[in-house]
Amino acid sequence: MSLVLQSDLASFLQKAGLAADPADKQLAGYCALAVDEFERLTGWRPFLSTGAESSLVFDVEPGVSLVDVQTGYLSVSTVEALALDGSATTIDSGAWDAWPANGVVTHVRIHGRLPERIRVTGVRGRMAESDPALPAVRHAVLLGAAGHAYLYASQQPGPTARIKQGSVEVQYGIEAGRSAPEQWREAFERTAKSYRRLVA
């Protein structure tokens, strides 16, 4: 499942007082743009895990013992050090299942040398469907998509908009010179910043 759905974006824009057809394929483009931007800003690709394991091979820079796994992993089942002759040595990775993995320590030596390549097998992503924080992330990505849609639809500041979802009501509008799309953008960037993948 995606971080933001076209139908949710259409509903959000309609509640904000904008004309939005749920069947408009352009809305899917705004959703994809927001998801891509969120993943680029956070460094987690994909951010929302599919739950399926996959294997990727990474080159190890000479003298570096921490490899940036580039996408991040929700859990890692195995890390193998690969030698030039094709042989593999498994690196213990049991501790990686407790938290999302940013990098992999390649302290295992093969024939007295650090490996030149490693293969990481695990579940890529930052967040699972069952994560209780996922609704807040989805809302932030929805705001990012709505901001893109609004900016493309109109270059003028938007009117005040009230969005009610259940018992929660959020008001957007021009506050201190900020339009609704600017406020949506700020919320989107703030959430992305809080999930930025760091590699020490």
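The structure this text deals with has already been given above.
Residues numbered from 1 in each chain as written. Predicted model: local features only at pLDDT ≥ 70, side-chain atom pairs only at ≥ 80, totals over all residues. Heavy atoms only, no water.

Chemist: Just checking my understanding: could you explain the environment of alanine 81 for this structure?
Modeler: With respect to the element layout, alanine 81 can be found in strand β2 (residues 66-82). According to the relative accessible area criterion, alanine 81 is buried, its value standing at 0%. Taking the C-alpha atoms as reference points, alanine 81 and arginine 119, 38 residues apart in sequence, are found 6.6 Å from one another. (Helix = DSSP H or I, 4+ residues; strand = E, 2+ residues; numbered from the N terminus. Buried < 20%, exposed > 50% of the residue type's maximum accessible area, 1.4 Å probe, protein only.)

Chemist: Would you mind showing me how to read the packing of aromatic side chains here?
Modeler: Two measures describe an aromatic ring pair: the distance that separates the ring centres and the angle between the ring planes. All told, the structure shown has 5 aromatic pairs when counted by the stated rule. Where phenylalanine 12 meets tryptophan 184, the ring centres are 5.3 Å apart and the plane angle is 65°; that geometry is what we call edge-to-face. Here tryptophan 184 lies in helix α4 (residues 180-194) and phenylalanine 12 lies in helix α1 (residues 6-15), a separation of 172 residues in the sequence. Of the two residues, phenylalanine 12 and tryptophan 184, both sit in the buried class. A centroid spacing of 5.1 Å and a plane angle of 80° characterise the contact between phenylalanine 38 and phenylalanine 47, whose relative ring orientation is edge-to-face. Accessibility assignment for this pair places phenylalanine 38 and phenylalanine 47 in one class, buried. One aromatic cluster is present, built from ring pairs that chain together Phe38, Phe47, Phe188 and Tyr195. Above the plane of the ring of tryptophan 44 lies arginine 126, whose end atom (NZ or CZ) is 5.9 Å from the centre. (Phe/Tyr/Trp six-rings, centres within 6.5 Å; stacked < 30°, edge-to-face > 60°. Lys NZ or Arg CZ within 6 Å of the ring centre and 35° of its normal.)

Chemist: Explanation requested: the packing of helix α2 (residues 25-42) against α4 in the structure shown.
Modeler: Each packed pair of helices is defined by two parameters, the angle between the axes and the distance between the axes. The geometry of α2 relative to α4 is characterised by a closest axis approach of 9 Å and an angle of 40° between their N-to-C directions. In terms of orientation, α2 lies oblique with respect to α4. Each of Ala34, Glu37, Phe38, Leu41 and Thr42 in α2 lies in contact with α4, whose residues at this interface are Arg185, Phe188, Thr191 and Ala192. (Axes fitted to C-alpha atoms, helices over the stretch in contact; angles between N-to-C directions. Parallel < 35°, antiparallel > 145°, perpendicular 65-115°, else oblique. Contact = heavy atoms within 4.5 Å.)

Chemist: How should I be thinking about the nonpolar core in this particular structure?
Modeler: Nonpolar side chains in soluble globular proteins tend to end up buried together. Core analysis: the largest hydrophobic core is formed by 33 residues, its most contacted members being Leu3, Leu9, Phe38, Phe47, Val137, Val141 and Trp184. Residue assignment for this core shows that the elements contributing at least two residues are α1, α2, α3 (134-153) and α4. With 9 residues, α3 is the single largest residue contributor to this core. Contacts of valine 141, omitting those with residues within four sequence positions, involve Leu3, Val4, Ala34, Val35, Phe38 and Phe188. Grouped together as the second largest cluster of nonpolar side chains are 12 residues, Val69, Tyr73, Val76 and Val120 included. (Core = buried A, V, L, I, M, F, W, Y, C linked by side-chain atoms within 4.5 Å.)

Chemist: Where do I start with α1 in this structure?
Modeler: Residues separated by three or four positions in an α-helix point in the same direction, a consequence of the helix having 3.6 residues per turn. Of the positions making up α1, those classed as buried are Leu9, Ala10, Phe12 and Leu13. Across the axial projection of α1, the buried residues extend over an arc of 165°, all falling on one side. Of the residues trailing α1, glycine 17 is marked for its positive phi of about 90°. (Arc of directions from axis to C-beta.)

Chemist: Is there a simple way to explain the side chain of glutamate 37 in this structure?
Modeler: With respect to the secondary-structure elements, glutamate 37 resides in helix α2. Residue classification places glutamate 37 among the buried residues on the basis of a relative accessible area of 11%. Separated by 2.4 Å, the side chains of glutamate 37 and arginine 185 make a polar contact. Those residues within four positions of glutamate 37 in sequence are excluded, and the remaining contacts are His148, Arg185 and Phe188. (Polar contact = N/O pair within 3.5 Å; in protein donor to acceptor, adjacent residues only side chain to side chain.)

Chemist: How should the pairing of β2 be read in this particular structure?
Modeler: Side-chain direction in a regular strand flips from residue to residue, so the side chains alternate between the two faces of the sheet. Where β2 and strand β5 (residues 117-124) come together, 8 bridges link them in antiparallel fashion. Bridging across to β5, tyrosine 73 finds its partner in arginine 124. Summarising the sheet, β2 and strand β3 (residues 88-91) pair through 4 bridges and their orientation is antiparallel. Paired with leucine 82 across the bridge in β3 is alanine 88. Linking two consecutive strands that pair antiparallel, namely β2 and β3, is a turn of 5 residues; a positive phi of about 95° is found at glycine 86 within it. (Pairing = 2+ DSSP bridges.)

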